[in-house]
Amino acid sequence: MKFATTTIVAVLLVTLAAAQFTCQTAAPAAYTGTTQMLGWGTNWNGQLGPQRNTDPIISTPSLMYVSSSKTPRYSKVAGGLQHTLVIEESSGKVFVAGDGSSAQLGGGIASVKDKVETFSTWEQVLITKQPEKFTGKVIDIAAGWYTSCVVAQDKSDATKTTIFCAGRNNRGQLGNSSVKTQISYPVPLEFDNSQLAAGEHFVKIAAGVDHMVAVTSLNNVFTWGAGDEGELAQSVNSDSKVPVKVTAFPPAETITEVQCGFRFCVALSDSNTLFGWGKNDANQLGLGTGDSQEFINTPTQIATGVTSFSVGGAHTLAIINGALHAFGSGTMGQTGHAKTISAAMQEEWTVSKPTAIPAFKDVKVASFGAGMKHSVVLDNCGTVYTFGAEALGALG
């Protein structure tokens, strides 16, 4: 989640049921200076970095000192179950911190003993195999629960890229069948380049719990890893140890972005149409049909008029026709809607289709992010709102 303003005031909320906010300020100019990162929540394995590595829970936003640069600028952050990846934009380097028990930190550590260590400091990811293909210039990152992947430019040609992954491979989420269980250094995808057109290369990557999705420069989508609940958008619901192309999108749609939650994915096309596939037991796909279909393996249209979105554990936030909407699991208030059923049923409460969040009716939203069971919103006035599960410091 990127903030375009340096003025941030936190407003912490468990529910937005009776709230009504106002911010009609126009969007600020794009920020081009140095950036600072703040983090909060669980820090059991140092996933928020070394400056607070003795604190198991950080309940207020705290600075995360990642690199030694005096003028850092970070372009993306990705979080796994208990580890974190960060791209330093100026150098294209990736830094990691947190749990390394499944080798997901990708530092090239060889011994079994070292694999289960937890790093409490930020370490630059090192590619110890095929260094001739890796320049250190990374353009995208993704973190599964126990896996890390990067899209790296080739050394000889910046218009060519390679996806490297490290960590657990029990469901094929590394995209390399030669790795049996896990590996501590990033390995390239086992991929037949004949599936790509001349000049086509990978540009984006997203991670679910134990599956991956990548988008190419020609907007083709490939998936690999766990697939028994439709996560791979294939006709056969089974795991795949190597990338397979998704061919079920409508022919007229060009996919520009994909994000994944807990065993489901959501994709946006250039026509501002939102699609979803995978697990649907809590209306994660926002189809308005209830949870009668526990999963769907075909990309299915959710909404039109969508300009941006963010996928959480089992819910999604999206700007639709200019207004902030949410759908999916709302058990902890993470969709921002008032619960309308009895207390006995609230543990299973969901929003079955994209529904506007009333509290933000008069708010110009600048950015937003969906977490496992909470949500964060930034408005054009520089105010940050959090709502959902307040346990473990998630609301800051």
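What you see is a predicted model; the values in this text were computed from it and never measured. (Residues numbered from 1 in each chain as written. Predicted model: local features only at pLDDT ≥ 70, side-chain atom pairs only at ≥ 80, totals over all residues. Heavy atoms only, no water.)

Peer 1: Give me the overall build of the protein chain: which residues, what numbers.
Peer 2: Helices and strands together make up the secondary structure of the protein chain, namely one helix and 28 strands. The contacts in the protein chain between residues at least 6 apart in sequence include a share of 52% that link residues at least 24 apart. Total accessible area on the protein chain stands at roughly 17000 Å², and carbon and sulfur atoms take up 52% of it. (Helix = DSSP H or I, 4+ residues; strand = E, 2+ residues; numbered from the N terminus. Contact = heavy atoms within 4.5 Å. Areas by Shrake-Rupley, 256 points an atom, 1.4 Å probe, with all protein chains shown as cover.)

Peer 1: Could you give me a rundown of the sheet that holds strand β9 (residues 138-143), with the residues and numbers involved?
Peer 2: In space, the four strands of this open sheet follow the order β9-β10-β11-β12, with antiparallel pairing throughout. Edge positions in the open sheet fall to β9 and β12 (182-188), since each of these has one partner strand only. Shown here is a sheet whose adjacent strand axes are inclined to one another by a mean of 10°, direction ignored. (Pairing = 2+ DSSP bridges. Axes fitted to C-alpha atoms, helices over the stretch in contact; angles between N-to-C directions.)

Peer 1: Would you mind going over the state of the cysteines in detail, with residue names and values included?
Peer 2: Applying the stated criterion to the full structure yields three disulfides. Each sulfur of the disulfide joining Cys-23 and Cys-381 lies 2.1 Å from the other. Looking down the S-S bond of the Cys-23 and Cys-381 bridge, the torsion is 100°, so its handedness is right-handed. With Cys-23 in strand β2 (residues 22-23) and Cys-381 in the loop between β27 (374-379) and β28 (383-388), this residue pair connects regions lying 358 residues apart in the sequence. Residue classification places Cys-381 among the partly exposed residues on the basis of a relative accessible area of 38%. Sulfur-sulfur distance for the disulfide between Cys-260 and Cys-265 comes to 2.3 Å. Every disulfide takes its handedness from the sign of the S-S torsion; for Cys-260 and Cys-265 that torsion is 90°, giving right-handed. Each member of the pair, Cys-260 together with Cys-265, is buried. By sequence order of its bonded cysteines, the protein chain has the disulfide arrangement 1-6, 2-3, 4-5. (Disulfide = S-S within 2.5 Å. Buried < 20%, exposed > 50% of the residue type's maximum accessible area, 1.4 Å probe, protein only.)

Peer 1: So what's going on with the packing of aromatic side chains? Residues and values would help.
Peer 2: Counting across every chain of the model gives eight aromatic pairs. Between Phe-360 and Tyr-385 the ring centres are 5.2 Å apart and the planes differ by 85°, which places this aromatic pair in the edge-to-face class. Within this pair, whereas Phe-360 is found in the loop between β24 (350-356) and β25 (362-363), its partner Tyr-385 is found in strand β28, the two being separated by 25 residues in sequence. No difference in accessibility class separates Phe-360 from Tyr-385, as the two residues are buried. The ring of Tyr-146 has Arg-168 sitting right over it, with the charged end atom 3.8 Å from the ring centre. Above the face of the Phe-262 ring, Arg-263 is positioned so that its terminal group lies 5.3 Å from the ring centre. (Phe/Tyr/Trp six-rings, centres within 6.5 Å; stacked < 30°, edge-to-face > 60°. Lys NZ or Arg CZ within 6 Å of the ring centre and 35° of its normal.)

Peer 1: Go over the side chain of His-211, please, and point to the residues and values.
Peer 2: Structurally, His-211 can be placed in strand β14 (residues 211-216). Note on His-211: relative accessible area 1%, which makes it buried. Filtering out sequence-adjacent residues up to four positions away, His-211 remains in contact with Gln-173, Ala-206, Trp-224, Gly-225, Ala-226, Glu-231, Leu-232, Cys-260, Arg-263 and Cys-265.

Peer 1: Please set out the environment of Asp-99 residue by residue, giving values where relevant.
Peer 2: In this structure, Asp-99 sits in the loop between β7 (93-98) and α1 (112-115). Assessed through its relative accessible area of 9%, Asp-99 is described here as buried. Separated by 52 residues in sequence, Asp-99 and Gln-47 place their C-alpha atoms 6.9 Å apart.

Peer 1: With reference to specific residues and values, describe the pattern of salt bridges.
Peer 2: Inspection of every chain in the model, using the stated rule, returns ten salt bridges. For Glu-229, the salt bridge goes to Arg-263, with nearest N and O atoms at 3.6 Å. In this pair, Glu-229 is assigned in the loop between β15 (221-225) and β16 (240-245) and Arg-263 in the loop between β17 (255-260) and β18 (264-269), connecting sequence segments 34 residues apart. Considered together, Glu-229 and Arg-263 belong to a single accessibility category, that of buried residues. A salt bridge links Glu-231 to Arg-263; its shortest N-O distance comes to 3.5 Å. Taken together, the positions of Glu-231 in the loop between β15 and β16 and Arg-263 in the loop between β17 and β18 put the pair 32 residues apart, joining distant regions of the chain. A residue is classified by how much of its surface remains accessible, and Glu-231, at 0% relative accessible area, is buried. Judged by relative accessible area, which is 15%, Arg-263 ranks as buried. Members of the salt-bridge network, linked through shared partners, are Arg-171, Asp-210, Asp-228, Glu-229, Glu-231, Asp-239, Arg-263, Lys-279 and Asp-281. (Salt bridge = Lys/Arg side-chain N within 4 Å of Asp/Glu carboxyl O.)

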